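# Close look at the chain arrangement
Listed below are the residues making up each chain.
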Amino acid sequence: MRVVAAAAVAGLVALGLPSLAAPAGAAGCANPSGTYTGAVPWGQRLLDPPRLWPFTRGEGQVVAVLGTGVDRANGQFAPGQVLGGAGTADSDCDGRGTIAAGIVAAQPDSTSTFAGVAPGARILPLRYTEGSANDHGGDPNALAGAVETALDRGAGVLLVAVPAGADSPALDAAVGHARARGAVLISAAAATEKGAHTYPTASSGVLAVGSVNEKGAPVQTEAGDYLGIAAPGADLVSTSAGGGGAVAHRWPVTDPGLAAAYVAGAAALVRAAHPELTGDQIVHRLTLTASRPPSGTRDPRLGWGVVDAYAAVTSALPATAAGPGEAVVSSPQPAVVPAAAAARSEGDRVAGLIALGGVVVAIAAGVGVVAFRRGRMRGWRPSRFGS
């Protein structure tokens, strides 16, 4: 972990940015790279959450981060934003839980260009594994217990920051409980061996997330027809554990498991903006509005494409919209026009909306959705998390 921090500082020097010494932490635990002051991170630019904050910042939403705990002392979390109480873990030696929580809900801060997707949301930190930088495993029964705790504590979005390497009846039951309670359960495809699967990522009823780099290429090895959506998972910036109360960050971080955090932040925004929707309807909204893969169909590593938070929040969709395969691929229909679309500038990353047939009258015409194309993403040199 310290090697990554040192490499990041060296990279800043090479780029002419200020070198920031990493504070010492507990032996073997995560340390910050410093306070990030570079260009707005590419994943943050892709989702562009400030465009959505006039509509929603995720207020009223509780996002459970299930993994290695969260360092609530990081200065980019607001007082009381990281919840305490039964079952919570306010420290994070491994570091991945704090990184994921920051991507979801870190506050905008004048000392850094990094901010979370849904800063109005609160974080419920639940530790089910101590983890390690190269370990994507964990006890599925312990994870099942964390899911149940999250539901009992009222979380509406459950982010599995570190998925388990195996399934279990208890985990299957917990996934079923989450769906029945209307929660959105999100887990990344994080297996590092070909043909391997992570759980509950591969379980029915879970929004499984693939990861991409800035060029839009898949990052993770894990693949399957259960992948629903993709999000940034390489060369990321986020909050770091071990900062001693400072606004502290880790960068560059490449870990496919962290892609799920961007989707969890988007889900919190959607849930806050559309409180009438069920968990399944929120998942449909996220997948229907995703930017489609080059094939235009479901990809085994990217699902239905890269998350488009703006379209997911602002598009006028019928609550009973069909799945993305029917509405987008099998029988394309007129495109849905997002609210406030006229206010978009030519510099927006959305390349355009494809309208089939003349004037679009959203719901009255039997609305379906076609892809919202993102602009090109420039590549950064890759780096492995924990290397």
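This one's a predicted model, so the numbers in the text were calculated from it and none came from an experiment.

This prediction gives the protein chain a mean pLDDT of 81; 74% of its residues lie at or above 70. For residues 1-25, every residue scores under 50 in pLDDT, and the model assigns this stretch 44 contacts once sequence neighbours within four places are set aside. In the model, residues 327-387 has pLDDT below 50 throughout and makes 136 contacts with residues more than four positions away in sequence or in other chains.

The residue after Tyr 199, namely Pro 200, is reached through a cis peptide bond having omega 10°. Checked against the element boundaries, Pro 200 lands in the loop between strand E4 (184-188) and strand E5 (207-212). In this chain, Trp 251 is followed by Pro 252 through a cis amide linkage whose omega measures -20°. Within the secondary structure, Pro 252 sits in strand E8 (residues 249-253). At Asp 48, a position not held by glycine, the phi torsion is positive, near 50°. Among the structural elements, Asp 48 can be located in the loop between helix H2 (42-47) and strand E1 (62-67). Of note in this structure, Asp 235 is not a glycine but carries a positive phi near 55°.

Strand pairing in a sheet takes place through backbone hydrogen bonds and is either antiparallel or parallel in direction. On the basis of which strands lie adjacent, the open sheet formed by six strands has the order E2-E1-E3-E4-E5-E6 and parallel pairing. Sheet topology places strand E2 (122-127) and strand E6 (227-232) at the edges, where each strand pairs with a single neighbour. Sheet twist, expressed as the average angle between the axes of neighbouring strands with direction ignored, equals 25°. Pairing of E1 with E2, which is carried by six bridges, proceeds in the parallel orientation. Looking across to E2, one finds that Val 62 is bridged to Arg 122. In the packing of helix H3 (residues 96-105) onto the sheet, the strands contacted are E1, E2 and strand E3 (157-160), and the crossing angle to E1 comes to about 160°.

Here Arg 292 lies in the loop between helix H7 (279-288) and helix H8 (309-314). Buried and unpaired, Arg 292 has no salt bridge, with Asp 308 as the nearest side chain of opposite charge at 9.2 Å. Within the structure, Arg 292 has its side chain in polar contact with the backbone oxygen of Leu 288 (distance 3.3 Å). Polar contacts involving the side chain of Arg 292 include one to the main-chain carbonyl oxygen of Trp 304, which spans 2.7 Å.

Once that is clear, we can look at the environment of Asp 109. Among the structural elements, Asp 109 can be located in the loop between H3 and E2. It is 6.9 Å that separates the C-alpha atoms of Asp 109 and Gln 76, two residues lying 33 residues apart in sequence. Excluding anything up to four places from it in sequence, Asp 109 contacts Gln 76 and Val 247. At 2.5 Å, the side chain of Asp 109 and the side chain of Thr 111 are in polar contact.

With that settled, the discussion passes to the packing of aromatic side chains. According to the stated counting rule, one finds two aromatic pairs in the structure shown. Between Phe 55 and Tyr 310 the ring centres are 6.3 Å apart and the planes differ by 75°, which places this aromatic pair in the edge-to-face class. With Phe 55 in the loop between H2 and E1 and Tyr 310 in helix H8, this pair connects stretches of sequence that are 255 residues apart. When its relative accessible area of 44% is taken as the criterion, Phe 55 is described as partly exposed. Residue placement shows Arg 51 over the ring face of Tyr 310; its charged tip is 3.8 Å from the ring centre. A cation over a ring is seen here: Arg 57 above Trp 53, with NZ or CZ 5.0 Å from the ring centre.

Our focus in this paragraph is the packing of helix H6 (residues 259-273) against H7. Running from N to C, H6 and H7 point in directions that differ by 115°, and their axes come no closer than 10 Å. The chirality of how H6 crosses H7 is right-handed. Contacts between H6 and H7 involve Val 263, Ala 266, Ala 267, Val 270 and Arg 271 from the first element and Gly 279, Ile 282, Arg 285 and Leu 286 from the second. In terms of residue class, the contact of H6 with H7 is built from six nonpolar, one polar and two charged.

If you walk through the whole model with that rule in mind, you get one disulfide. Each disulfide pairs two cysteine sulfurs, and for Cys 29 the partner residue is Cys 93, the sulfurs being separated by 2.0 Å. Handedness here is read from the sign of the S-S torsion; for Cys 29 and Cys 93, about -100°, the answer is left-handed. Of this pair, Cys 29 sits in the loop between helix H1 (2-14) and H2 while Cys 93 is found in the loop between E1 and H3, placing the two residues 64 residues apart along the sequence. Given a relative accessible area of 13%, Cys 29 falls into the buried group.

The rules behind these values
- Residue numbers here run from 1 along each chain, matching the order of that chain's written sequence.
- The predicted nature of this model means local features are confined to residues of pLDDT at least 70 and side-chain atom pairs, given and counted, to a pLDDT of 80 or more, with totals for whole chains, interfaces and linings taken over all residues.
- By convention in this description, side-chain values take in all heavy atoms of the structure and omit both hydrogens and water.
- Residue-level confidence of the predictor is summarised by pLDDT, bounded by 0 at the bottom and 100 at the top.
- Note on contacts: a residue pair is in contact if any heavy atoms of the two residues lie within 4.5 Å.
- Only DSSP runs of H or I covering at least 4 residues are called helices, and only runs of E covering at least 2 are called strands; the numbering of each starts at the N terminus.
- In short, DSSP must find at least two bridges between two strands for them to pair.
- Note on method: axes are straight lines fitted to C-alpha atoms, helices fitted across the in-contact stretch only, with angles between N-to-C directions ranging 0 to 180 degrees.
- For each residue, the accessible area found with a 1.4 Å probe, counting protein chains only, is set against the maximum for its type, and the residue is called buried under 20%, exposed over 50%, and partly exposed in between.
- Counted charges follow a simple rule, with Lys and Arg positive, Asp and Glu negative, and His plus the chain ends left uncounted.
- Here, a salt bridge means any Lys or Arg side-chain nitrogen found within 4 Å of an Asp or Glu carboxyl oxygen.
- Pairs of N or O atoms are called polar contacts if they sit within 3.5 Å, as long as, within protein, a hydrogen donor faces a hydrogen acceptor (for residues adjacent in sequence, only side-chain-to-side-chain pairs).
- Only Phe, Tyr and Trp rings are paired, with Trp represented by its six-membered ring, and only when their centres lie within 6.5 Å; those with planes under 30 degrees apart are stacked, over 60 edge-to-face, the remainder tilted.
- A ring is considered to have a charge above it if a Lys NZ or an Arg CZ atom is located within 6 Å of its centre and within 35 degrees of its normal.
- By convention, the crossing between two helices is left-handed when the near helix turns anticlockwise from the far helix through less than a right angle, and right-handed when the turn is clockwise.
- Residues are sorted three ways: Asp, Glu, Lys and Arg are charged, Ala, Val, Leu, Ile, Met, Phe, Trp, Tyr, Cys and Pro are nonpolar, and all the rest, Gly among them, are polar.
- In what follows, a disulfide is any cysteine sulfur pair within 2.5 Å.

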